[in-house]
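The lines below spell out each chain.
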Amino acid sequence: MKDTEHSQPALSEVTGTFHYQELIESRLGQPIATDLIEAEAQRLANSPGAQLAAGRTALGWSIEQVAAQLKLAPRQIIALEKDDYPALPEAAIVKGFTRAYAKLVKLDPEPILALTAVDTDKKRQAAANTDKSRRPGSPTQNQGYALGIYICLFIAAALAYAYFNLQH
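The model shown is predicted, which means the values in this text are computed figures rather than measured ones.

Draft legend 1. Expanded view of the pattern of salt bridges. Applying the stated criterion across every chain, the model contains one salt bridge. One salt bridge connects glutamate 81 with arginine 56, and the closest N-O pair in it is separated by 2.6 Å. Taken together, the positions of glutamate 81 in helix 7 (residues 74-81) and arginine 56 in helix 5 (residues 48-59) put the pair 25 residues apart, joining distant regions of the chain. Here the two residues glutamate 81 and arginine 56 agree in accessibility, since each one is buried.

Draft legend 2. Layout of the confidence of the model for the protein chain. Per-residue pLDDT for the protein chain has a mean of 75; in total, 57% of the residues score no lower than 70. Averaged pLDDT values over the elements of the protein chain bottom out at 42 in helix 2 (residues 11-15) and peak at 93 in helix 6 (residues 63-70).

Draft legend 3. Focus on helix 8 (residues 91-104). Compared with the 20 Å implied by 1.5 Å per residue over 14 residues, the 20 Å span of helix 8 between its first and last C-alpha is a close match. Those residues of helix 8 that fall on the buried side of the exposure criterion are Val94, Phe97, Thr98, Tyr101, Ala102 and Leu104. Projected onto a plane normal to the axis of helix 8, the buried residues spread over an arc of 155 degrees and lie on a single side. Relative to its buried face, helix 8 has exposed residues pointing more than 90 degrees away, namely Ala92 and Lys103. Lysine 106, located one to two residues past helix 8, shows a positive phi value of around 60 degrees.

Draft legend 4. View of the packing of aromatic side chains. On inspection of all chains with the given rule, the structure shows one aromatic pair. Ring centres of tyrosine 163 and phenylalanine 164 lie 5.3 Å apart, and the angle between their planes is 75 degrees; this geometry places the pair in the edge-to-face category. Among the residues examined, tyrosine 163 registers a relative accessible area of 48% and is labelled partly exposed.

Draft legend 5. Here's a closer look at the side chain of glutamate 81. Accessibility expressed as a relative area gives 14% for glutamate 81, which makes it buried. Here the side chain of glutamate 81 touches tyrosine 101 through a polar contact of 2.4 Å, side chain to side chain. Not counting residues within four places of it along the chain, the set of residues in contact with glutamate 81 comprises Gly49, Ala50, Ala53, Arg56, Ile63 and Tyr101.

Quick notes on the rules
Residues numbered from 1 in each chain as written. Predicted model: local features only at pLDDT ≥ 70, side-chain atom pairs only at ≥ 80, totals over all residues. Heavy atoms only, no water. Salt bridge = Lys/Arg side-chain N within 4 Å of Asp/Glu carboxyl O. Helix = DSSP H or I, 4+ residues; strand = E, 2+ residues; numbered from the N terminus. Buried < 20%, exposed > 50% of the residue type's maximum accessible area, 1.4 Å probe, protein only. pLDDT = per-residue confidence, 0-100. Expected span 1.5 Å × (residues − 1). Arc of directions from axis to C-beta. Phe/Tyr/Trp six-rings, centres within 6.5 Å; stacked < 30°, edge-to-face > 60°. Polar contact = N/O pair within 3.5 Å; in protein donor to acceptor, adjacent residues only side chain to side chain. Contact = heavy atoms within 4.5 Å.

Quick look at the structure:
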């Protein structure tokens, strides 16, 4: 019995000077992947949506509660937290949403807004670059339109030729 009692750290060690991370590492027999912890901290520092989500979860609020208080749709809150700016209205409105959300979860809105401005510019440019081929009037669509007209004219000419040659 004494051997099992000595293999477990005392409760005072866990709650006092013994750190939780060290306890887990000692039980696993290997160090915790600190690079994963650092990567998550880096993502949180660079993502305005992650900061807003962290503020919301720190207060214990659900997405629906935040949406009701800000008078937004839950899909808009989700888009803000995922930094999905193309799913949201214009940049000025996104800034207003972000400022109100940050104040609601008791965060300083200015650093988050600075990150949001950089993110909205990058993501809107990327969305614009991918949408160029889908816009009416783009070279790809104009070429397809012209080809369709040529095919229709060819078929009409072939039918006219056949009609007039079969009668005579």
